[in-house]
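Structure assessment
Single-letter residue listing:
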Amino acid sequence: MSQEPQIDNISARVKHIVKYREVVNYGSRFGLIVMTRDGRFLEVNHTILEDTGMSLDDLVDKYVVEMPWWSHSLETHHQIREVMERAMRGETVRFDIRVFPRPDFYRDVDVTIMPFLDSTRQGEYLIWTGFDVTERKRLEDEKHFLIDAIPTIIWTARPDGFVDYLNKQWSNYTLTSIEQSRGDGWSECVHPDDRQKALANWYRMVHTGEPGENEYRLRNGITGEYRWFLVYTIPIRDTEGNIAGWCGTCTDNHDKKMTEVALRVRELQFRTLFDANIIGIGITDIYGHVWEANDAYLQMLGSTREDMNRGEVRWDQLTPPEYLERDEKAIQELRESGTCHPYEKEYQRPDGKRVPVVVGTALFDKESGKTISFIVDITARKELEKRKDEFISLASHELKTPITSLKMLIQFLRRRVQREGDKRTNYDLIRMELQVDALKRLIDDLLNVSKIQMGLFSYEDEILDPDKVLHETIEILQPMLSDHMLILHGHLHHVLVCDQQRFTQVVTNLVTNAVKYSPEAHEVDIFLSESERWVCIKVCDHGVGIPAPQREKIFERFNRGAYGTSEKAFPGLGMGLYITYEIVTHYHGSITVESEEGKGSTFTVYFPFAQQT
Ligand code: ADP
């Protein structure tokens, strides 16, 4: 084989390398082998001879790969063949290997095989240097044993960033072996989208020597799913402060991350609504602060973002005093249930202009009282309502005059036909008058409602005997009712300071409703009672009753509860109870309703004595 180097020749050329063998032999656990480029022994140092118990003559010319030192395991055998082949091709190879110089003991060796090249860049001969790292390996094994016992992924790396160990948790999760993951092999388990960043961050840390945090997705070897991990890395320093290695942990924070992502999406959705400025949205608190707000909100309050950032925008200070009580009620509701039903109020801007709004609020942090509020400007709606009220007021005024004239004319005609003894025409005129009275009552109610709306509903208080007024009212009403009997129970002895017309209005409204909504019944009971502080009137019918969801609403203006305005069986416009409520609360009294569908309703009114109105 002409290419094979001649042993004698080479021997001569390497003599100068090994002439310091004696010196080298003093190095404690340092093995040196000089080989031909096809892997046969030329020279070995003292350590190797001592360990193997062989002489130089035993070894010279033998093939290194054929020594029994690595034949204890097939894997090691393959490893030595592989590295030798690489070295023979001219590559410098460095590797760790466990060798058995004699069957009864082993050494872990950190080996470098370095080819000495000829002019054709082929390996002319190979120098093997091996450092005994048995003790270090033993310590490492101990360390790995401990690391494996920790139930989180832990890895270690050399100072240059070469990952040299990953614990069992890593292999269990990624289903990759330590061998596959060593060096940069671990990055194969990182999500392709995160891989480049993960490696760059890692080597930046290695370069700067600073500890750090990284976040990337690692593939679960069993399910194939990628989960987010938080990777925390610290340098390990020796006594001189030099970096002796690295250590890191990988903690599964997928669920937290997913929650964060979901939160961010939700925040984005909210932000979109916030920035759209369709309605005013603000982060406020129950103590009056406005912490953050969109432009629409600030505009309604007549404030600027700069005012807000300086902490100068307070919704309570921009609220006119008459709404503070309503706000208190809303805060109470917030404290109890976390939200408050939207309600109407006004803000008074710094320039004095009042803005009517609908406010809705939800409490999102009980401890700090922080809330999220929306406000909608209802100026346009309020103006429309005002115009409607003005129209109703005007229309009812206009209607009142001809109705009054009509009534007078009917009465004039009746007197004439009575004188002439025309009974039939008289009867027809009585029926006409009844219709005109009904029309007049309707117009009066319309007028009353618009007066209440405009704050013009007047009261003329006097000392009044409620018992007497009640009896008289019933006496007037009874003849108009053909099917119902009004039965008064009990008496009242106290006097009230009250407007008689308004008091009569309350009783009339309740009694006429009781009759209207009990077409099948024949009686309406009115119970009277009193205490030291109030008189109580209960109007009790045996009629259709009121469905529960409607009971609160029937005191609102134009609210007909279960019936629309087109209702034929029970005609009406939803004004009577609104006016009644207004009168009762004007006198600091109360009105409540108890009802059972199909059985009847009881309206209870309390009038307190001598309350300052
Ligand atoms: P109206 O009777 O003209 O509709 P009201 O303001 O007097 O207006 O009453 C409001 C609503 O309350 C009525 O439409 C009806 O649904 C309900 N209501 C009032 N009184 C009674 C009653 N005694 N029984 C049943 N429902 C009643």
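The paragraphs below set out a description of the structure included in this document.

Criteria and cut-off values
- Residues numbered from 1 in each chain as written.
- Predicted model: local features only at pLDDT ≥ 70, side-chain atom pairs only at ≥ 80, totals over all residues.
- Heavy atoms only, no water.
- Helix = DSSP H or I, 4+ residues; strand = E, 2+ residues; numbered from the N terminus.
- Rg over C-alpha atoms; globule rule 2.2 N^0.38 Å.
- Buried < 20%, exposed > 50% of the residue type's maximum accessible area, 1.4 Å probe, protein only.
- Contact = heavy atoms within 4.5 Å.
- Areas by Shrake-Rupley, 256 points an atom, 1.4 Å probe, with all protein chains shown as cover.
- Near = heavy atom within 4 Å.
- Polar contact = N/O pair within 3.5 Å; in protein donor to acceptor, adjacent residues only side chain to side chain.
- Nonpolar A, V, L, I, M, F, W, Y, C, P; charged D, E, K, R; others polar.
- Expected span 1.5 Å × (residues − 1).
- Arc of directions from axis to C-beta.
- Pairing = 2+ DSSP bridges.
- 1 Å grid on protein atoms, 1.4 Å probe; cavity = no way out; pocket = protein on both sides within 12 Å on 5 of 7 lines; lining within 4 Å.
- Points joined across faces, edges and corners; volume = space filled by probe spheres on them.

1. Let's talk about the overall build of the protein chain
What the protein chain contains, in helices and strands, is 18 helices and 22 strands. Against the compact-globule benchmark of 25 Å for 613 residues, the protein chain has a radius of gyration of 50 Å, which places it well outside the compact range. For the protein chain, the C-alpha atoms occupy an extent of roughly 165 × 55 × 50 Å along the three principal directions. The buried share of the protein chain, reckoned over its 613 residues, is 42%. Across the protein chain, the fraction of contacts at a sequence separation of at least 24, relative to all contacts at a separation of at least 6, is 52%. Carbon and sulfur atoms provide 54% of the accessible area of the protein chain, an area that totals close to 35,000 Å².

2. Here's the deal with the site of the ligand
Around the ligand sit 19 residues in total, of which N513, Y517, D541, R560 and L577 are the nearest. Contact distances for the ligand include 3.1 Å between an oxygen atom and a backbone N or O atom of L573. Taking G576, its main chain carries an N or O atom lying 3.3 Å from an oxygen atom of the ligand. Here the ligand, which alone exposes 530 Å², has 96% of that area covered by the protein. At the level of secondary structure, the elements contributing two or more residues to the shell around the ligand comprise α17 (500-516), α18 (576-586) and β22 (600-608). Top element by residues in the shell around the ligand is α17. It accounts for three residues. For the shell around the ligand, a count of residues per class yields nine nonpolar, seven polar and three charged.

3. Section: helix α5 (residues 74-88)
Side chains of residues three or four places apart in an α-helix project in the same direction, reflecting 3.6 residues per turn. Between the first and last C-alpha of α5 there are 21 Å, a value that for 15 residues agrees with the 21 Å anticipated at 1.5 Å per step. Taken residue by residue, α5 has T76, H77, I80, V83, M84 and A87 as its buried positions. Each buried residue of α5 sits inside an arc of 135 degrees when the element is viewed along its axis, so together they form one side. Of the exposed residues in α5, the ones pointing more than 90 degrees away from its buried face are L74, E75 and H78.

4. A closer look at the pairing of strand β4 (residues 105-117)
Bridge count between strand β3 (residues 93-102) and β4: eight bridges; the pairing is antiparallel. Its bridge partner lying in β4, V99 is registered against R107. Linking β3 back to β4 in an antiparallel pair, the connection comprises two residues.

5. As for empty space enclosed by the protein
Evaluated as defined, the whole model comprises three cavities of 30 Å³ or more. Around the largest cavity, the lining is made up of 18 residues, and of these I48, D51, V99, R107 and V109 lie nearest the centre. Contributing elements (two or more residues each) for the lining of the largest cavity: β1 (30-36), α3 (46-52), β3, β4 and β5 (123-132). Considering only residue class, the lining of the largest cavity consists of 10 nonpolar, four polar and four charged.

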